[in-house]
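So you can see what is in the structure, the chains are spelled out below.
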Amino acid sequence: MLRDTWVLFRHGVSVTLQQKVGIAFGVIQPLLFLVLFGPIFATIGTWETLVPGLIVQLGLMSTGMAGFGVVFEKRLGVLERMRVTPASRLALLLGRVLNNVVTLIVQTLLLLAVAFAFGLRAPAPGLAAGFVLIVVLGAGLAALSYAVALSLNEQLFAPVMSTAVVPLVLLSGAFLPMSMAPGWLDAISHISPFRYVLEAMRDLFQGRYATGTVGAGVAVTAVFAVVCLTIGTRVFNREQA
Amino acid sequence: MIKTSGLSKTFDGGVEAVRSVDLSVEPGQIVGFLGPNGAGKTTTMRMLTTLLRPTAGTATVAGHDLIGAAKEVRRHIGYVAQGSGMPPVTPVKGELELQGLLYGLSRREVAARTAEVLARLELTGLETTFPAALSGGQRRRFDIAFALLHEPALLFLDEPTTGLDPQSRANLWDHIRSLRAEKGMTVFLTTHYLDEADALCDRLLIIDHGRIVAEGAPAELKSGGRTLDDVFLDITGRSLREENALSGQGA
């Protein structure tokens, strides 16, 4: 299974690299927010508060839309062509997820580099920990995205996912912290798992490691990833996926 | 090479697509699987290729139990679906390599097998192009190439020549015949075309309403000076020629 995952990952990376534009496109929206909204935000808050929000937005848009590729692969019969080989079905999922995670890593590094140029100053351990959080979250999101893509009618995937991403980004408090929100909105936002991840990342970027917020963020990220990968595995193992 | 007993598939919602099919295919045969649209051809084939789980019955495919040893079955069969399994915008070469590796071959083996299979199917040199630039016949031969990399003993073809011009169809028939003659491969194919069934197949199985309703060599089925279309009409109450004309596929 590991070999098949690796084989599919390598292939996915080579295809992704042929379409470098795709990687850049995924990171354009968060970069626009960084450049055109960041300087305004910086007058009332700090870059260390904003940038984690943009990273979560990037994660949601980049890996959340990962399933789009498999919609095409299913329609074209590519997925079925692979499903008649002895390769494990879990590997067919994990190889794809790994490719999405690597794309997300490149995009996040790009975003962080620009953020540093604008004035982000976060301690290295905090950056590294935040990075791990977004990578694990992204792996879960990609798996979930594949599961949704294979379960929904193919025409529905793009509109449903691109609409779902907007409230998830807003409710995570990506642009303005939820502490500024009225009570009812703050209450709703607690449903979104991304809020906990984001708040943990903000603490980490400010050098606060042993806080309850960080603990909650790590726990939510881990549970989210496990649940999503389980769902993804189930769907990939299902006969008609 | 294939032996099924009571093989059935009832879909969620109660549609009985395949009802207790017993069929057997001997090694080295080219067997045609015919039936009107919706008769259960593709469902049967998808069960035999491990893509669908039967709701009842048992089967041995390429020497292995279909249910208990699906992975072993996959190792020994090749399957070409109705649609092309090639992404249009990536060169075929990379996809072929991926397919070979997923079949468990080493990179060196993949290179050797790819060269051999492409030469056999007269595709050498075309592997660096994009599928979008290939002709219908070339695309179909590439689809078959994907299914031959691991040298399967048994090849499943789902409507291999649908949509091809007469020349490409005849060319594909020659390739299928030579796979059997030179490699001893067993071929199980569905088709809409009675002339194809007649010219290419050693044995025919006719399925209707999820049941095998007739089987035999084309000559046996045609005994008494009837055409295959007469036979088909008698058995299924439908003319395949008319169906093909209706669905715009020609016969």
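These numbers were taken from a predicted model, which means no experiment stands behind them. (Residues numbered from 1 in each chain as written. Chains lettered and ligands numbered in written order. Predicted model: local features only at pLDDT ≥ 70, side-chain atom pairs only at ≥ 80, totals over all residues.)

(A) Spotlight on the overall build of chain A. Of the regular secondary structure elements, chain A holds 11 helices and zero strands. Mapped in sequence order, the helices and strands of chain A form the string α-α-α-α-α-α-α-α-α-α-α. Radius of gyration (C-alpha) of chain A: 18 Å, near the 18 Å computed for a compact globule of 241 residues. In terms of its C-alpha atoms, chain A occupies a principal-axis envelope of roughly 55 × 35 × 35 Å. Look at the contacts in chain A between residues 6 or more apart in sequence, and 82% of them connect residues 24 or more apart. (Helix = DSSP H or I, 4+ residues; strand = E, 2+ residues; numbered from the N terminus. Rg over C-alpha atoms; globule rule 2.2 N^0.38 Å. Contact = placed C-beta atoms within 7 Å.)

(B) Local environment of the sheet that holds strand β7 (residues 77–80) of chain B. Residue and element names in this part refer to chain B. Taken in spatial order, the six strands line up as β7-β8-β9-β4-β10-β11 in an open sheet, and their pairing is mixed. Where the open sheet ends on each side, the last strands, each with one partner, are β7 and β11 (211–216). Along the sheet, successive strands turn relative to each other by an average axial angle of 15 degrees, direction set aside. Inspection of the sheet shows strand β10 (residues 203–208) paired to β11 by five bridges, in the antiparallel sense. Paired with Leu 205 across the bridge in β11 is Glu 215. (Pairing = 2+ DSSP bridges. Axes fitted to C-alpha atoms, helices over the stretch in contact; angles between N-to-C directions.)

(C) How the structure looks around the nonpolar core. Within the largest apolar cluster, 135 residues are counted, with the highest numbers of intra-cluster contacts made by Ala 143 and Val 197 of chain A together with Ala 145 of chain B. If you tally residues by element for this core, the top one is helix α7 (residues 124–151) of chain A, at 13 residues. (Core = buried A, V, L, I, M, F, W, Y, C linked by C-beta atoms within 7 Å. Buried ≥ 20, exposed ≤ 12 C-beta atoms within 10 Å, placed from the backbone.)

(D) The environment of Leu 198 of chain A, seen in detail. All names here are of chain A. Tracing the chain through its elements places Leu 198 in helix α10 (residues 193–205). When the C-alpha positions of Leu 198 and Ser 88 are compared, they lie 34 Å apart, and in sequence the two are 110 residues distant. Among all residues touching Leu 198, those that are not within four sequence positions of it are Pro 52, Gly 53, Val 56, Ser 172, Gly 173 and Ala 174.

(E) Inspection of the interface of chain B and chain A at higher detail. Counting residues at the interface gives 23 residues for chain B, matched by 18 residues for chain A. Of all the secondary-structure elements, those providing two or more residues to the side of chain B that touches chain A are α2 (70–76) and α3 (92–102) of chain B. Broken down by element, the side of chain B that touches chain A gets its largest block of residues, five residues, from α3 of chain B.

(F) Seen up close, the confidence of the model for chain A. Confidence along chain A averages 92 in pLDDT terms, with 99% of residues attaining 70 or more. Here helix α2 (residues 20–44) of chain A stands out as the element of chain A with the lowest mean pLDDT, 86, in contrast to helix α11 (residues 212–237) of chain A, whose mean of 96 is the highest. (pLDDT = per-residue confidence, 0-100.)

(G) Seen up close, the environment of Pro 166 of chain B. Residue and element names in this part refer to chain B. Turning to its location among the elements, Pro 166 is positioned in helix α6 (residues 166–183). For Pro 166, a count of 10 C-beta atoms within 10 Å gives the class exposed. Taking C-alpha positions, Pro 166 is 23 Å from Met 86, a pair spaced 80 residues apart along the chain.

(H) Focus on the environment of Ala 66 of chain A. Residue and element names in this part refer to chain A. Considering the arrangement of structural elements, one finds Ala 66 in the loop between α3 (47–64) and α4 (67–76). Residue Ala 66 is classed as buried on the basis of its C-beta count, with 25 C-beta atoms lying within 10 Å. Separated by 23 residues in sequence, Ala 66 and Thr 43 have C-alpha atoms that sit 35 Å apart. Setting aside anything within four residues of it in sequence, one finds Ala 66 in contact with Asn 100, Ala 142, Ser 145 and Tyr 146.

(I) Representation of the packing of helix α8 (residues 157–172) of chain A against α10 of chain A in the model. Residue and element names in this part refer to chain A. For the pair α8 and α10, the least separation of the axes is 8 Å and the interaxial angle reads 45 degrees. The pairing of α8 with α10 is recorded here as oblique in orientation. Between α8 and α10 the crossing geometry is right-handed. Residues Leu 168, Leu 171 and Ser 172 of α8 pack against Phe 194, Arg 195 and Leu 198 of α10. A class-by-class count of the residues in the contact of α8 with α10 yields four nonpolar, one polar and one charged. (Parallel < 35°, antiparallel > 145°, perpendicular 65-115°, else oblique. Left-handed = near helix turned anticlockwise from the far one by under 90°. Nonpolar A, V, L, I, M, F, W, Y, C, P; charged D, E, K, R; others polar.)

(J) Representation of unusual backbone geometry. Residues and elements named next belong to chain B. The backbone phi angle of Ala 62 is positive, close to 50 degrees, even though this residue is not glycine. Residue placement: Ala 62 occurs in the loop between β5 (56–61) and β6 (64–65). We classify Ala 62 as buried; it has 21 C-beta atoms within 10 Å. In this structure, His 209 takes a positive phi of about 50 degrees despite not being glycine. With respect to the secondary-structure elements, His 209 resides in the loop between β10 and β11.

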